[in-house]
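# Remarks on the overall topology
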Amino acid sequence: MATDLGELLVPYMPTIRVPRTGDRVFKSECAFSYDSPESEGGLYVCMNSFLGFGREHVERHYRKTGQSVYMHLKRHVKEKATGAAGGAIPRRRNGKVFLDLELNRDFNGDDYEYEDEAKLVIFPDHFEIPLPNIEELPALVTIACDAILNALSPYKKQESDSWEEEIQVSRHARSLRQQENEVRIPPSGWKCAKCEMRENLWLNLTDGSVLCGKWFFDGSGGNGHALEHYKETNFPLAVKLDTITPDGADIYSFDEEEAVLDPHISEHLLHFGIDMLQMQRTENGHHTDNHVQPRVSDWEVIQEAGLKLKPVYGSGYTGIKNLGNSCYLSTTMQVLFSIPEFQRAYVGNLQRIFDYSPLDPTQDFNTQMAKLGHGLLSGQYSKPPMKSELIEQLQRGISPKMFKALVSKGHPEFSSNRQQDAHEFLLHLINQVERNSSGSENPSDVFRFLVEERVQCCQTQKVRYTQRVDYLMQLPVPLEAASNREELIAYESKRKEAEENMRPPPEPVRARIPFTACLQAFTEPENVPDFWSSALQAKSAGVKTSRFASFPEYMVMQIKKFTFGVDWVPKKLDVSVDVPDFLDLNRLRATGLQSGEEELPDLTPPIVIPEDTRDNTTNNSLESPEIDESSVMQLAEMGFPLEACRKAVYYTGNMGAEMAFNWIIAHMEEPDFAEPLAVPTYMESDLLSPSLPTTSALDNQPPEESISILTSMGFPRHHTIQALKATNNNLERALDWIFTHPDCEDESEAMSDTADMADTEPNNNSFSNANAHSDSTLSPDQDLSSPRVRDGPGRYELFAFISHMGASTMSGHYVCHIKKEGRWLIYNDHKVCLSERPPKDLGYMYFYRRLSSC
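Residues numbered from 1 in each chain as written. Predicted model: local features only at pLDDT ≥ 70, side-chain atom pairs only at ≥ 80, totals over all residues. Heavy atoms only, no water.

It is worth spelling out the overall build of the protein chain at this point. Tallying secondary structure elements over the protein chain gives 24 helices and 29 strands in all. By the burial criterion, 50% of the 854 residues in the protein chain qualify as buried. Within the protein chain, contacts between residues separated by at least 24 positions form 70% of all contacts whose residues are at least 6 apart in sequence. Here the protein chain has roughly 40400 Å² of accessible surface; of this, 49% comes from carbon and sulfur atoms. (Helix = DSSP H or I, 4+ residues; strand = E, 2+ residues; numbered from the N terminus. Buried < 20%, exposed > 50% of the residue type's maximum accessible area, 1.4 Å probe, protein only. Contact = heavy atoms within 4.5 Å. Areas by Shrake-Rupley, 256 points an atom, 1.4 Å probe, with all protein chains shown as cover.)

If you look at the biggest cluster of nonpolar residues, it comprises 98 residues, and the most contacted ones within it are Met71, Leu120, Met333, Phe342, Tyr346 and Phe447. With 7 residues, helix H13 (residues 422-435) is the largest single contributor of residues to this core. Look past the residues within four positions of Phe342 in its chain and what remains in contact with it is Leu336, Phe337, Val347, Met369, Val433, Pro443, Ser444, Val446 and Phe447. Grouped together as the second largest cluster of nonpolar side chains are 29 residues, Phe449, Val451, Ile559 and Leu583 included. (Core = buried A, V, L, I, M, F, W, Y, C linked by side-chain atoms within 4.5 Å.)

The subject of this paragraph is the pattern of salt bridges. Inspection of the entire model under this criterion finds 28 salt bridges. With a shortest N-O distance of 2.7 Å, Asp116 and Arg75 are connected by a salt bridge. Linking Asp116 in strand S4 (residues 112-122) with Arg75 in strand S3 (residues 69-79), this pair joins segments that are 41 residues apart in sequence. Here Asp116 matches Arg75 in class, with each residue buried. (Salt bridge = Lys/Arg side-chain N within 4 Å of Asp/Glu carboxyl O.)

This part takes up helix H17 (residues 629-636). Along H17, the residues that are buried comprise Ser631, Val632, Leu635 and Ala636. The buried residues of H17 occupy an angular sector of 135 degrees when the element is viewed end-on, so they sit on one face. On the buried face of H17, the contacting elements are helix H18 (642-651) and helix H19 (657-667). (Arc of directions from axis to C-beta.)

Turning next to the sheet that holds strand S6 (residues 201-204). Taking strand neighbours across the sheet as the criterion, the 5 strands line up as S7-S6-S8-S9-S10 in an open arrangement whose pairing is antiparallel. For this open sheet the edge positions go to strand S7 (210-212) and strand S10 (258-260), each flanked by a neighbour on one side alone. Each strand of the sheet is rotated relative to its neighbour by a mean of 40 degrees, with strand direction disregarded. When strand S9 (residues 251-253) meets S10, the two strands line up antiparallel, connected through 3 bridges. Its bridge partner lying in S10, Tyr252 is registered against Ala259. Against the sheet, helix H5 (residues 225-233) touches S6 and S7, its axis set at about 120 degrees to S7. (Pairing = 2+ DSSP bridges. Axes fitted to C-alpha atoms, helices over the stretch in contact; angles between N-to-C directions.)

Aromatic rings in a pair are described by how distant their centres are and how their planes are angled relative to each other. According to the stated counting rule, one finds 23 aromatic pairs in the structure shown. Centre to centre, the rings of Trp202 and Tyr252 are 6.4 Å apart; their planes meet at 70 degrees, and the pair counts as edge-to-face. Separated by 50 residues along the polypeptide, Trp202 in strand S6 and Tyr252 in strand S9 bring together distant segments of the chain. You can call Trp202 buried: its relative accessible area is 1%. Ring plane angle 80 degrees and centroid distance 5.5 Å describe the contact between Tyr328 and Phe425, whose orientation is recorded as edge-to-face. You can see Tyr328 sitting in helix H8 (residues 327-336) and its partner Phe425 sitting in helix H13, a full 97 residues away along the chain. When sorted by exposure, Tyr328 lands in the same class as Phe425, which is buried. Every member of this aromatic cluster is reached through a ring pair, and the members are Tyr44, Tyr62, Tyr70 and Phe123. In this structure, Arg60 is placed above the aromatic ring of Phe32, and the distance from its NZ or CZ to the ring centre is 5.2 Å. The ring of Tyr34 has Lys371 sitting right over it, with the charged end atom 4.8 Å from the ring centre. (Phe/Tyr/Trp six-rings, centres within 6.5 Å; stacked < 30°, edge-to-face > 60°. Lys NZ or Arg CZ within 6 Å of the ring centre and 35° of its normal.)

Our next topic: the pairing of strand S25 (residues 795-805). When you tally the buried positions in S25, you get 9 out of 11 residues, the bulk of the element. Where strand S23 (residues 582-584) lies against S25, 3 bridges are found, and the strand directions are antiparallel. Bridge pairing in S25 places Asp584 opposite Arg795. Strand direction decides the pairing type here: S25 and strand S29 (residues 843-850), joined by 7 bridges, are antiparallel.

A few words on unusual backbone geometry. Pro124 follows Phe123 through a cis peptide bond whose omega is 10 degrees. Residue placement: Pro124 occurs in the loop between S4 and strand S5 (127-131). Here Leu131 and Pro132 are connected by a cis peptide whose omega angle stands at -5 degrees. Its place among the elements puts Pro132 in the loop between S5 and helix H3 (139-150).

Time to look at a nonpolar patch on the surface. A surface patch of nonpolar side chains, amounting to about 240 Å² of accessible area, comprises Ile167, Val169 and Leu261. Note that Leu261 resides in the loop between S10 and helix H6 (265-270). Residue Leu261 is classed as partly exposed on the basis of its relative accessible area of 40%. (Patch = residues over 30% accessible without salt bridge, like charges linked within 9 Å, V, L, I, M, F, W, Y side chains within 5 Å.)

Another point: the packing of H8 against H13. Running from N to C, H8 and H13 point in directions that differ by 55 degrees, and their axes come no closer than 9 Å. When the axes of H8 and H13 are compared, the pair comes out oblique. Once H8 is placed against H13, the crossing between them reads as right-handed. Packed against H8, whose contacting residues are Tyr328, Leu329, Thr332, Met333 and Leu336, the element H13 presents Ala422, Phe425, Leu426 and Leu429 at the interface. (Parallel < 35°, antiparallel > 145°, perpendicular 65-115°, else oblique. Left-handed = near helix turned anticlockwise from the far one by under 90°.)

The terminal C-alpha atoms of H13 lie 20 Å apart, and with 14 residues this matches the ideal 20 Å at 1.5 Å per residue to within 8%. For H13, the set of buried residues is Ala422, His423, Phe425, Leu426, Leu427, His428, Leu429, Ile430, Asn431, Gln432, Val433 and Glu434. (Expected span 1.5 Å × (residues − 1).)

What follows is about the environment of Val789. Looking at where Val789 falls in the secondary structure, it is placed in the loop between strand S24 (777-778) and S25. Classification of Val789 as buried rests on a relative accessible area of 6%. Placed 342 residues apart in sequence, Val789 and Phe447 show a C-alpha to C-alpha distance of 8.9 Å.

Along the chain, Glu453 turns up in strand S11 (residues 449-457). Overall, Glu453 belongs to the buried group, its relative accessible area being 2%. C-alpha separation for the pair Glu453 and Thr545, spaced 92 residues apart in sequence, amounts to 5.9 Å. A polar contact of 2.8 Å, which involves the side chain of Glu453, links it to the side chain of Arg468. (Polar contact = N/O pair within 3.5 Å; in protein donor to acceptor, adjacent residues only side chain to side chain.)

The subject of this paragraph is the state of the cysteines. According to the stated counting rule, one finds 0 disulfides in the structure shown. Of all cysteine sulfurs, the one in Cys192 lies closest to Cys195, which takes part in no disulfide; the gap is 3.5 Å. For Cys195, a relative accessible area of 15% puts it in the buried group. Its sulfur unpaired, Cys458 is 6.7 Å from the next cysteine sulfur, which belongs to Cys457. (Disulfide = S-S within 2.5 Å.)

Looking at where Asn234 falls in the secondary structure, it is placed in the loop between H5 and strand S8 (237-240). Sequence separation between Asn234 and Thr206 is 28 residues; the distance between their C-alpha atoms is 9.6 Å.

Predicted coordinates in areas of low pLDDT are best not read in detail. Across the protein chain, the average pLDDT comes to 79, with 77% of residues at 70 or higher. In this model, residues 158-165 is a region of pLDDT below 50 whose contacts with residues beyond four sequence positions or in other chains number 7 contacts. Low pLDDT, under 50, characterises residues 280-296; the predicted model gives this stretch 41 contacts beyond four residues in sequence or across chains. (pLDDT = per-residue confidence, 0-100.)

So this is what it looks like as structure tokens:
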């Protein structure tokens, strides 16, 4: 028999490979569907490419590639017999469980047992060879099979990436002696006992002193009183107050000079009146700050907790499993695939997309979009539980691991496991759709509209009209317009009083903002900083107003709830906005140049060379570059070297401490990180008299200073030139453009496409708060009937909204509500239910569809 099997496999031996380091083995998910070894048909893994395929798709791969040998994996899930001994079956010691797969979390290990089956299948005759079969198979085949069975998930490395080192238990934890001084720590209002610091406070676990830290392992600033106290008393352990949750806390050992673990932390905290085991967890494991009482009600209201919600199943009612802070992705994709244009572009063209997919479909955007859309809309993965069904046929949502890995590839934030902003992800995804829709239907066109910007010189009263592309409108939140303003003032007074007297803060009061006030704030003129008047040939005061030059088929509206706190952590405004079901924006239609208005001359501002450069053109360098010293000091207070902080602020164009902080993180391993700033030199062509009019050559070439700033951050010169040209030389937008166009074509080809890129790039600034330098400008007389702009009436009906729970975009949870067949549904990760009370006033992003008749 061994000879027979060997001879049978001889023709296929050149196609059988052993996975090497770096090879990804997809043995838990099909490349075209969400079939897995637990699916009825199991999963087929190609013995050459190591791609996985469900029973429906393995024949396509065989026909396309000619690859004949596959490993078939099947996991059987069985309910334990009544009376069987309890306790989960050890995975690796049970001979029936040998696949390195994650156990299905929907099944409790105490109640179910798993049995794995593997075999080789040779196409097209489906000849099967059971595994393991070490004695009868050639050595190469045996080694390849064993390597595939023991290969880690292709997502394992991404999931385990972390800067955190393993923290050890402190040698003082077990023997710590606490003083019987009857100190009780209040739940809020903390302040350093030796200064006025209210941030970065540490509780000494020996005597209960609350003191400020100084550049501990978390990078926070302070006056170092906690360390001074240790030197005076030798009390070794302290816990950071705002990190205490039922799961633990951040603990530091002054004696061991490092972060440590304390297995007895709950007992040590209880000594000072802190019962950590009874504390409410907030923000998905992130505790709220010192000054704000957790609002559990937000989570209850938005998730409709306490109501008996009826689950729904079938086509369009499939949930998406949370991979850990992936709800921002899940909610966005649920809404997008409720839009007919997205359904038609991907699910409607499913077979064509799959048939023409590349050899590695896991890396093809359109394939993975079609796969996700089919998974959500087919109903194949959303079946009601039936007692008569086999356990393994029960599906509870789909896992978007392959999709997330692809769409987030190369993005510094979305590729992490941290929580993200759903608004930013939507723009990122639209960008991906734009880039992958060449020659085919572009479903993101339903969001695309034109914004008309009118800028007026206050001194000459002359105006300029420009148009640009956008994909959503951002509504500001005017807190001063709150209908319960008196109640808010009273709450703030009570909060300050409680803080001063070390008492618990009062119940927070949510501001109620009329939607009409948000819309009014949206239409208000705004000042244009550093406005250069072409009529005066000088800087002047300018004001800008924005209106709709066209209305999209689907209007996405974001309530600007998020802002930045003093610690540069995004925080959310606690507001309720009475968003309407029907929206009429026709009065915001742009009118263009009016009779009696005089246009500003069409001149470009000259390049202004700093004085010290003009005085010293021999070395063409800047001796005293302009650097925002306030941003430098903010970074220096975090513990970074002063020269590194200066470089970070300079190379990010004085765009603020947050952008500079990101630069520091990206460059802190470089050998010259803390070296003094070496200012980039100017090109000879830039040293022109500022009074000379700008020529067409200057119009085509971005300023060399801007190019130097971006190239100093490690980007290729030709890539930075493309980015600056595509964004009207706006540094901040150019940086975003570079991150969202990582695999741009070569320089010459990209130059010819720059104009089109400028028109298709989503505008992160949106148009209620657009940058003074408009991006993606279009001619006012452009044909609005273009297929890229689907203009129509500005009357809309609400059909979906995404809500966020939590204090900032860095934490919390997202859910979405979608109206289908006249009824509202709530999509909360893998759970899909009929909504009883959709919380429309607490939403974050709202999706409207154009009314068919006016």
